[in-house]
Amino acid sequence: MRRISFSGLIMISSLFLSFSENDLLRLEDGEESDGKMDVWTASSYENIFRDETKSASDSASYDLVMAKNESESFQILLRSSESFEIESVCFSDLASKRACISYKNLRYNYVEYVYMEENSWNQSPEFLIKSGKGYYPDPLSNNPAAKVNATETQPVWITITIPEDSKTGLYHGAIVIQTSLGKYSVPVSVEVCDVIIPDPNKGNFHFMHHQQIAGTWFYDATAQHHPQDVITQIYGWERWTPQWWTLVGNMAENLKRSRINVLFINTQQLLLDGGTKMDGDRYIFNWSRFDEYIQFFIDKGVVKNLEGIHFGSTIGAVGKTYKSYVLKNNDEGQLSSMNVVPMERDCNNFFNQFLPALNKHLKEKNWFEIWIQHIGDEAVSDLQHQQYGYYMDKLNQFAPGLKCGDPTFTLESAFNAVKEGADIVTPIEELYQVYKPAFDSLQSKGTTVFVYNCCGPGNNWLNRLIDKPVWNQRLLGWLCYKWGVSGWLHWGWNFWVDWFQSSFYSVDDAAFKGDNYSVYPDTENNKIKASIRSEAIRDMSEEYELLNILGKNNPALAKEIIESVIIDASHNYTKDIRKMESARNKLIKACANIN
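Residues numbered from 1 in each chain as written. Predicted model: local features only at pLDDT ≥ 70, side-chain atom pairs only at ≥ 80, totals over all residues. Heavy atoms only, no water.

Participant: It is not clear to me how the packing of aromatic side chains should be interpreted in this structure. Could you clarify?
Facilitator: Each aromatic ring pair is summarised here by two numbers: the centre-to-centre distance and the angle between the ring planes. If you walk through the whole model with that rule in mind, you get 39 aromatic pairs. Ring geometry for Tyr 283 versus Phe 285: centroids 5.4 Å apart, planes at 5°, classification stacked. In terms of burial, Tyr 283 and Phe 285 fall into one category: buried. Ring centres of Phe 504 and Tyr 517 lie 6.0 Å apart, and the angle between their planes is 35°; this geometry places the pair in the tilted category. With Phe 504 in the loop between strand 27 (487–490) and strand 28 (520–522) and Tyr 517 in the loop between strand 27 and strand 28, this residue pair connects regions lying 13 residues apart in the sequence. Taking the ring centre of Tyr 135 as reference, the NZ or CZ of Arg 50 above it sits at 5.1 Å. Positioned over the ring face of Tyr 45 is Arg 474, at 4.0 Å from the centre of the ring. (Phe/Tyr/Trp six-rings, centres within 6.5 Å; stacked < 30°, edge-to-face > 60°. Buried < 20%, exposed > 50% of the residue type's maximum accessible area, 1.4 Å probe, protein only. Helix = DSSP H or I, 4+ residues; strand = E, 2+ residues; numbered from the N terminus. Lys NZ or Arg CZ within 6 Å of the ring centre and 35° of its normal.)

This is the structure:
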């Protein structure tokens, strides 16, 4: 029987319970089992439904292979013929022969379920985790306890983080779950390998996931009145209040944990909140809130890049024309963000003053090199291409050298954007795969290429919708490295109040389930709830970084490991979770062997 360090045992709850070492070692031997509860484990690659049952081959322990500065999750599943409550989850330290990793590097959440009356549109049953209406796993609860109905399975999502300065070796520990039916121990082992994943703000992978934190997308707003603000609507907090900052701090922690390292900036509304004014046609820009907001996230270690909101908004005739997102006095004489006709007087007046001021301020703050300016999403019509050229002319005139680019689902708009001077093109994954040689050619000439998904592509294509396997998004990180693409974009991190909506937009309301948000509001705790899909974003980024480390030293081996699980995003990828896990372990060990 292996010895385990229990000096750090903790219950993450409002009460603290301690157990003796002998008690815990006895629990590890399974003496607590009275037949009332089935306890077993599953990987984070699996979507676990409430009707999941334990099989003869399922294990009640879990083993991981991990890099340093990596987080990895697994699930402990509990099921009983009686209803019960999980009262606490307790962690020991993880101990090896020569070192110890504190219990503080372990955390837990309960997997929650969202109801869907039907599946996402444009999907075939054979590519879904389940077909038809029902409850699907996704949110991760922040609550310390959970009530469980009889004959329902409750997953406990366990996440282990290995500090960067940890010693290599095999570590052992235990997780003890106290329930109203008894306490149950799950042994865990972690093989820590000699490779360090860089922090998200210093890594090579960019993950752009538009956030609605200080801003209301393209909607009209003033500094005092922003009815479409999702935090004001859902939580009731006004911007810049102590309660708002507490919530924003939790959001920053979640972004860092998920390795979402490109911060979306609603520049116009931050300027409003700072006290920007108009004197006749002249703008007097105040950058104080803009600076405060960005610096907060930089200090939290979130930011690799800053992502400026689009010049051309998609409010209105989508796919036909842009509206220009500007600041202008409204009918009451208050300065407001609003949408005006492109290329006309109000539009020209704003951009002729805003862009020189933005250019100057970014350089003063040393943020010019990390800023990515959006111009206009998914240009389709000839008019939109003309408008895109107008915005690019303004940018090149007043802020030359400022990086810019946008997502697109047509080859024509990608090449048009580059012709107009865009530095970055972001094709949807289907477009990229079909026309990869064309995008490779753009890259060879200096254009940066990222990829995105959203409500599409559907059916057999890998995507991040709730009713798709959670490993879909994770595996796309492997494909990004294979493709030579260093960034991914998805538009909706927390669009809880969706376009043209005025209240919370539930998963069941949406045609594409989970497309408009990866995290959920938690008003009870003034936090957000992560999801099993946002955890997969973290894994996607971490594994890209590992592939990048290996590829620099042994590209043939990196290629071999990638192609053991995925060739493309549509047909040639494994659905075998064990193969994916095996490839991940092989990748980590191969990186460690470099050292």
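Participant: Hey, could you run me through the nonpolar core in this one?
Facilitator: If you look at the biggest cluster of nonpolar residues, it comprises 141 residues, and the most contacted ones within it are Ile 213, Phe 290, Tyr 293, Phe 297, Phe 354 and Trp 478. Apart from residues no more than four positions distant in its own chain, Ile 213 is found in contact with Asp 229, Ile 231, Trp 244, Val 248, Met 251, Leu 255, Tyr 293, Phe 297 and Trp 493. Listed in part, the 34 residues of the second largest apolar core include Val 39, Tyr 62, Tyr 171 and Tyr 184. (Core = buried A, V, L, I, M, F, W, Y, C linked by side-chain atoms within 4.5 Å. Contact = heavy atoms within 4.5 Å.)

Participant: So what exactly am I meant to see when it comes to the packing of helix 3 (residues 242–257) against helix 5 (residues 288–299) here?
Facilitator: When two helices pack together, their arrangement is given by the angle between the helix axes and by the axis-to-axis distance. Viewed as axis vectors pointing N to C, helix 3 and helix 5 meet at an angle of 45°, and their least axial separation amounts to 10 Å. The angle between helix 3 and helix 5 places the two elements in the oblique class. Both helix 3 and helix 5 take part in a crossing whose hand is right-handed. On helix 5, the residues that touch Trp 244, Trp 245, Val 248, Gly 249, Ala 252 and Leu 255 of helix 3 are Glu 292, Tyr 293, Phe 296 and Phe 297. Its residues placed into classes, the contact of helix 3 with helix 5 shows eight nonpolar, one polar and one charged. (Axes fitted to C-alpha atoms, helices over the stretch in contact; angles between N-to-C directions. Parallel < 35°, antiparallel > 145°, perpendicular 65-115°, else oblique. Left-handed = near helix turned anticlockwise from the far one by under 90°. Nonpolar A, V, L, I, M, F, W, Y, C, P; charged D, E, K, R; others polar.)

Participant: So what exactly am I meant to see when it comes to unusual backbone geometry here?
Facilitator: Glycine aside, negative phi is the norm for most residues, and most peptide bonds take the trans geometry. Backbone torsion omega between Gly 456 and Pro 457 reads 0°, so that peptide bond is classified as cis. Within the element layout of this structure, Pro 457 appears in the loop between strand 26 (451–452) and helix 11 (471–483). If you check the backbone angles, Trp 240 has positive phi at about 75° while not being a glycine. Within the fold, Trp 240 resides in the loop between helix 2 (230–234) and helix 3. On the basis of relative accessibility, which here comes to 15%, the residue Trp 240 falls in the buried class. Although it is not a glycine, Arg 259 adopts a positive phi angle of roughly 65°. Here Arg 259 lies in the loop between helix 3 and strand 15 (262–265). Taking the relative accessible area as the measure of exposure, Arg 259 reaches 4% and is therefore buried.

Participant: Whenever I open this one, the pattern of salt bridges confuses me. Can you help?
Facilitator: Pairs can form between side chains of opposite charge whenever their charged atoms are close. Throughout the structure, instances matching the rule amount to 29 salt bridges. One salt bridge in this structure joins Glu 535 and Arg 107, with 3.7 Å as the shortest N-O distance. Of this pair, Glu 535 sits in helix 12 (residues 532–553) while Arg 107 sits in strand 8 (residues 106–116), and the two are 428 residues apart along the sequence. Across the salt bridge formed by Asp 539 and Arg 474, the nearest N and O atoms sit 3.0 Å from each other. With Asp 539 in helix 12 and Arg 474 in helix 11, this residue pair connects regions lying 65 residues apart in the sequence. Using a relative accessible area of 2% as the deciding quantity, one classes Asp 539 as buried. The exposure class assigned to Arg 474 is buried, which follows from its relative accessible area of 3%. A single network of salt bridges, built from pairs that share partners, joins Glu 70, Glu 72, Arg 107, Arg 474, Glu 535, Arg 538, Asp 539, Glu 543 and Arg 584. (Salt bridge = Lys/Arg side-chain N within 4 Å of Asp/Glu carboxyl O.)

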